[in-house]
Amino acid sequence: MVDKQQFFLPCFVVCAFFSAVITAQGIQVDTDPRSIIVTENQRNVSLLCRVGRPVEFCTFILPNRANQIVLRPGDPPRDGLQYFGGGFERGACGITIDRIVASHNGPFKCSLFVDGSSADGQIDVVVAVAPQLPSIETLNDANNLQVDAQLVARCVTRGGNPGATLTWFLDDEPIYQGVSTQQEVQEEGYDTPSQILELSRFIHADDSGRNLVCEAKHQAYPDGVSRTRLPINVNFPPQYLPETTVHGLTLGRTVEVTVMIRAKPAPSVMWTVDGLTIEQGHQIDRYEAPIPVPLGNGAYNVTLIIANLQLEDLSRTYRLKAFNQVGDQDYTILLSSLEAEVDESSGVGIGGIIGIVLAALIVLAAVALIIVARATGRWCFRGKSSSTTTSNARIGETDTTDDRGGVGEQLLSTDFSGTPAADPPTPETALEMENRVYNETTIPILMRPKNLRNLDLLQHQLPRRESNQTDNSSLYSRESSQIGDPNQVGLPVVNKNRWIPSQQRELLEKQANLLKAGANIRRKRETEIF
């Protein structure tokens, strides 16, 4: 019996131990946050560890410390540390740090005890330390750079935690070309790596007077960013200019011909006019060359004064030579009394505007004329018309179609016969012949045409005109007995039926009535004479 107890007791202890280890390994500790970056002297920073069951108590181990700190809810702060969380019954165990110091940089380890076993967690705390202000290191003398020379510079920050982010600028413009990848270099005397960003750039004349800027971003800086500037001074010869024309000069007055050139250091100038050389600060005849006036950043106004400008002065070519220690340049200047011309290459000039206005007026005038023509029926908008004179009115002429697309009117007429006398007729013979001709004459009758496309028109005839007055009876009425001689009213002898359009028919009818009335008047006068 004793042997059995001695056997089971060690087994129970071993099983209890492995059970505690397995239980502890099965508990997951959540941390909030997992890691954090803080700055030195930052206040009230809280770290929290928690599990999904109530805890008995918890401890924290701070960086650079070997002993544990026991925290309980409701305990007063100790060494600037205090319990943080919702209580042990909720499985929460946290710590609040009153003020961050550099020694707080590192891992914070928490241990939560559940049923006699502990579950551990870790929160990484990084105490940010502001690095030194960024500095610019150059291999060239930035105060004496030459055009097209290569500038090699380094932007460096030291002693920061974590490292700063570096960027190059030219004034406010970021520089991307010639910039290498940022490097971390462990330098002697510094606990943290130094940050280095290199720049290689060819210098241009426009870079003169600008600033090379190294920018460092770090959360420990007061404004989060720090900048260092390095002025760039570039020496360059007078820069090229194309042929220049000075406009707006007035004849008979003293004028100033001024051009702006760029050079550094200050240039010396010399004018040449038709073989006559005028150096700066001198006057010859009507020409004077003042000393160039600096405008800043390597720009200078160079002027030639001409007294009593003459017409021949405008035809001359003026040569300017500028030179300094770096180089020289020649310029050509022309003079004009006209104002500067409008540059039409980038838009519409005065000529273009005038052309557009004239074109618009022509279009408007054409539209107005067309509208008036249509309203009054003139020009190409006027319909077909026939002359009202007897010579152009030919009774019996036929058009193939009328305005209604081919439907016309048919004029049926009989022969007008009469045999002229060989000898002059007596009054009695003339009267008898006239009565015979009138009695045998058949007046034309207007009939509807035969239209195979509309069979209803085959049976339809135009109504005859009626008149209450015998003298005004229609020329086309068979019942009219007081009609003048057809030969007297201009009616031709027609032996065939012809087609005429309705519009021409009406015009001919009116003309025939007028001719008939005239024939009646003439007959009446002849009767009175006889």
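Everything quoted here is computed from the prediction, not taken from an experiment.

*Asks:* Go over the environment of Q82, please, and point to the residues and values.
*Replies:* Here Q82 lies in strand β6 (residues 81-84). Once you skip the residues sitting within four places of it in the chain, Q82 turns out to touch L71, D75, P77, G94, I95 and T96.

*Asks:* Outline the pattern of salt bridges, listing residues and values.
*Replies:* Applying the stated criterion across every chain yields a total of 15 salt bridges. One salt bridge connects E137 with R158, and the closest N-O pair in it is separated by 3.4 Å. With a gap of 21 residues between them, E137 in strand β10 (residues 135-138) and R158 in the loop between β12 (150-157) and β13 (165-170) connect regions that are remote in the sequence. A residue is classified by how much of its surface remains accessible, and R158, at 16% relative accessible area, is buried. One salt bridge in this structure joins D328 and K321, with 3.6 Å as the shortest N-O distance. Assessed through its relative accessible area of 28%, K321 is described here as partly exposed. Residues participating in the shared-partner salt-bridge network are E137, R154, R158 and E187.

*Asks:* I'd like a rundown of the sheet that holds strand β2 (residues 35-39), residues and numbers included.
*Replies:* Across the sheet, 5 strands lie side by side as β2-β9-β8-β4-β5; this open sheet has mixed pairing. For this open sheet the edge positions go to β2 and β5 (69-71), each flanked by a neighbour on one side alone. Averaged over all neighbouring strand pairs, the angle between strand axes comes to 30 degrees, with direction disregarded. Here 9 bridges tie strand β8 (residues 106-114) to strand β9 (residues 117-128), and the two strands are oriented antiparallel to one another. Following the sheet pairing, G106 is matched in β9 by V125.

*Asks:* Lay out the packing of aromatic side chains in plain terms, naming residues and giving numbers.
*Replies:* Counting across every chain of the model gives 2 aromatic pairs. Each ring, one from F57 and one from F113, has its centre 4.3 Å from the other, and the planes form 20 degrees; the classification is stacked. Taken together, the residues span a long stretch of sequence, with F57 in strand β4 (residues 57-61) and F113 in strand β8 at a distance of 56 residues. Using a relative accessible area of 30% as the deciding quantity, one classes F57 as partly exposed. Pairing Y83 with F88 gives two aromatic rings, centres 5.8 Å apart and planes at 90 degrees, and the pair type is edge-to-face. No difference in accessibility class separates Y83 from F88, as the two residues are buried. The ring of F169 is capped by R227, whose NZ or CZ atom sits 4.7 Å from the centre of that ring.

What counts, and at which threshold
- Residues numbered from 1 in each chain as written.
- Predicted model: local features only at pLDDT ≥ 70, side-chain atom pairs only at ≥ 80, totals over all residues.
- Heavy atoms only, no water.
- Helix = DSSP H or I, 4+ residues; strand = E, 2+ residues; numbered from the N terminus.
- Contact = heavy atoms within 4.5 Å.
- Salt bridge = Lys/Arg side-chain N within 4 Å of Asp/Glu carboxyl O.
- Buried < 20%, exposed > 50% of the residue type's maximum accessible area, 1.4 Å probe, protein only.
- Pairing = 2+ DSSP bridges.
- Axes fitted to C-alpha atoms, helices over the stretch in contact; angles between N-to-C directions.
- Phe/Tyr/Trp six-rings, centres within 6.5 Å; stacked < 30°, edge-to-face > 60°.
- Lys NZ or Arg CZ within 6 Å of the ring centre and 35° of its normal.

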